[in-house]
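# A closer look at the structure
Listed here are the chains, written in short residue letters.
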Amino acid sequence: MKAKTFHENIFTLQQGKKRFLATRNLSPGLEVYGERLVQVEQTEYRVWEPKRSKLAAMLLKKLPSPFTNTSKVLYLGSATGTTVSHVSDIVQQGVVYAVEFSPRTMRDMLPICEERPNIIPLLADASKPGSYANVVEPVDVVFQDVAQPDQASIALSNVQHFLKPGGYLLMSIKARSVDSTAKPDTVFKQQLKTLLEQDNSKLELVKKQKLAPLHIDHLGVVARKTE
Ligand SMILES: C[S@@+](CC[C@H](N)C(=O)[O-])C[C@H]1O[C@@H](n2cnc3c(N)ncnc32)[C@H](O)[C@@H]1O
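Residues numbered from 1 in each chain as written. Predicted model: local features only at pLDDT ≥ 70, side-chain atom pairs only at ≥ 80, totals over all residues. Heavy atoms only, no water.

Rules: UniProt positions are given in the numbering used here, feature names are shortened, and annotations may be inferred rather than shown by experiment.
Going by an unreviewed UniProt entry, the protein chain carries the name Fibrillarin-like rRNA/tRNA 2'-O-methyltransferase and comes from Methanohalophilus euhalobius. The heading Sequence similarities (unreviewed entry) in the UniProt record of the protein chain holds the text "Belongs to the methyltransferase superfamily. Fibrillarin family."

### Thoughts on the nonpolar core
Threshold: As used in this record, nonpolar core signifies buried Ala, Val, Leu, Ile, Met, Phe, Trp, Tyr and Cys residues forming a set joined through side-chain atoms within 4.5 Å. Each residue's exposure class comes from its accessible area (1.4 Å probe, protein chains only) as a fraction of the maximum for that residue type: buried when under 20%, exposed when over 50%, partly exposed otherwise. Labels follow the DSSP assignment, with helices taken as runs of H or I lasting at least four residues and strands as runs of E lasting at least two, numbered in each case from the N terminus. Contacts were defined at the residue level, with two residues in contact if any of their heavy atoms lie within 4.5 Å.
Of all hydrophobic cores here, the largest spans 33 residues; its most connected members are L74, Y132 and L195. Listed by contribution, the elements that provide at least two residues to this core are β6 (72–76), β7 (95–100), β9 (139–144), α4 (151–162), β10 (163–174), α5 (175–178), α6 (184–196) and β12 (218–225). By residue number, the principal contributor to this core is α4, which donates six residues. Apart from the residues within four sequence positions on either side, L195 is in contact with A152, A155, L156, L169, M171, S201, L203 and V221.

### Quick word on the site of the ligand
Going by this rule: We call a residue near a molecule or strand when any one of its heavy atoms sits within 4 Å of it. Throughout this description, a polar contact denotes any pair of N or O atoms lying within 3.5 Å of each other; where both atoms belong to protein, one of them has to be capable of donating a hydrogen while the other can accept it, and for residues adjacent in sequence the pair is counted only when both atoms sit in side chains. In short, Shrake-Rupley with a 1.4 Å probe defines the accessible areas, and a residue's cover is counted only from the protein chains shown. Cavities and pockets were defined on a 1 Å grid built from protein atoms only: a cavity is a group of points that admits a 1.4 Å probe but offers it no way out, a pocket is an open group of points flanked by protein on both sides within 12 Å along at least five of seven lines, and a lining residue is one with an atom within 4 Å of any such point. Occupancy of a cavity or pocket is assigned to a molecule whenever over half of its atoms lie within 2 Å of that pocket's grid points. In this classification, the charged set is Asp, Glu, Lys and Arg, the nonpolar set is Ala, Val, Leu, Ile, Met, Phe, Trp, Tyr, Cys and Pro, and all remaining amino acids, among them Gly, are polar.
In the neighbourhood of the ligand, 14 residues make up the surrounding shell, with Y75, T83, E100, D145 and Q148 lying closest. A distance of 2.6 Å separates a nitrogen atom of the ligand from a polar side-chain atom of Y75. Between the ligand and the protein, one listed contact pairs a nitrogen atom with a side-chain N or O atom of D145 at 2.8 Å. Alone, the ligand offers 600 Å² of accessible surface; in the complex the protein occludes 84% of this. A molecule is said to occupy a pocket when more than half its atoms come within 2 Å of that pocket's grid points, and by this definition the ligand occupies the largest pocket. A class-by-class count of the residues in the shell around the ligand yields six nonpolar, four polar and four charged.

### Quick notes on the packing of α4 against α6
Rules: Orientation is described by lines fitted to C-alpha atoms, with helices fitted over the stretch in contact, and by angles between N-to-C directions that extend from 0 to 180 degrees. Oblique is the label for any angle not covered by the other classes, which are roughly parallel (under 35 degrees), roughly antiparallel (over 145) and roughly perpendicular (65 to 115). Helix crossings are classified by the rotation of the near helix relative to the far one: an anticlockwise turn of less than a right angle makes the crossing left-handed, while a clockwise turn makes it right-handed.
In contact at an axis separation of 8 Å, α4 and α6 are set at 20° when each is read in the N-to-C sense. It follows from the interaxial angle that α4 and α6 lie roughly parallel. Along this stretch, α4 crosses α6, giving a crossing that reads as right-handed. Along the contact surface, α4 presents Q151, A152, S153, A155 and L156, while α6 presents Q191, T194 and L195. Looking at the contact of α4 with α6, its residues break down into four nonpolar, four polar and no charged.

### Re the side chain of S65
With respect to the secondary-structure elements, S65 resides in the loop between α1 (54–60) and β6. Owing to a relative accessible area of 18%, S65 belongs among the buried residues under this scheme. Setting aside residues no more than four positions away along its own chain, S65 makes contact with H7, I10 and L59.

### Here's the deal with a positive patch on the surface
To keep it simple, the criterion reads: Only residues whose relative accessible area exceeds 30% and that form no salt bridge enter a patch; like-charged residues are grouped when within 9 Å of one another, and nonpolar side chains (Val, Leu, Ile, Met, Phe, Trp, Tyr) when within 5 Å. In what follows, salt bridge is the name for a side-chain nitrogen of Lys or Arg lying within 4 Å of a carboxyl oxygen of Asp or Glu. His is not counted here, nor are the chain ends, while Lys and Arg score as positive and Asp and Glu score as negative. Each charge is placed at NZ for Lys, CZ for Arg, CG for Asp and CD for Glu.
Together, K4, R19, K62 and K207 make up a region of like positive charge exposed at the surface. By the secondary structure assignment, K207 is in strand β11 (residues 203–210).

### Here we look at the domain arrangement of the protein chain
Here is the rule we go by: A domain assignment, automatic or from a database, supplies the domain bounds used here. The term buried area refers to how much accessible surface (probe radius 1.4 Å) is lost by two components on association, counted for both of them together.
Taken domain by domain, the protein chain comprises domain 1 (2–47) and domain 2 (54–225). Computed from C-alpha coordinates alone, the two centres of domain 1 and domain 2 are separated by 23 Å. Contact with domain 1, which involves 16 residues of that partner, is made by 18 residues of domain 2. Summed over both sides, the interface of domain 1 with domain 2 buries roughly 1,600 Å², with 59% coming from carbon and sulfur.

Below you can see the structure in the form of structure tokens.
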């Protein structure tokens, strides 16, 4: 098995003709959700399955990754922490503020936070950023995967509260969660308009890319805050 740097703490592992995306394990010896651990030379990696993670799919689809080893990240829609744990691997010296509004789901993520001190769990509604403004500091990256009808507005209000100028928003827009009757392309256009064309948006589009076939009717978006 060979490990090749993909970006910062993100790697591709090559075994014969098979390639896997993986992150460097922040908690060696511990898996988080049943993912494969792979040792290459002195380093342990956690295999990151793009079918289970919109963020992994976005990176594989060549959307740019703004993460560094020290990034501060606001993660909206953390669910049980599957992808959050990989972000925790990627920003080893940084911090991940992980927002989830379902108490049951959040409860499943808490054991992960005990092993990973760079994750700060926040039981909160991402559409009310003021409710966690006393905890979250200005961040380098906002990642959003809440699958809600008002996804773009939720992303925008968090960007306005927390994203540093020059920072990046990454989001996955799920067309069917916004409007299950409209054509996905119509939904994507309308959500991008909300995100980018409001007077106070201050976001410029860097790249967008559909995530099919890994995630059907999802659009991955990367935007940069201009000021
Ligand atoms: C598609 S799942 C996220 C999957 C996760 N990002 C991953 O890759 O492991 C969406 C999550 O967002 C949460 N969610 C939806 N609306 C939310 C809101 N307004 N505030 C906080 N969490 C929300 C849901 O409870 C659900 O757990």
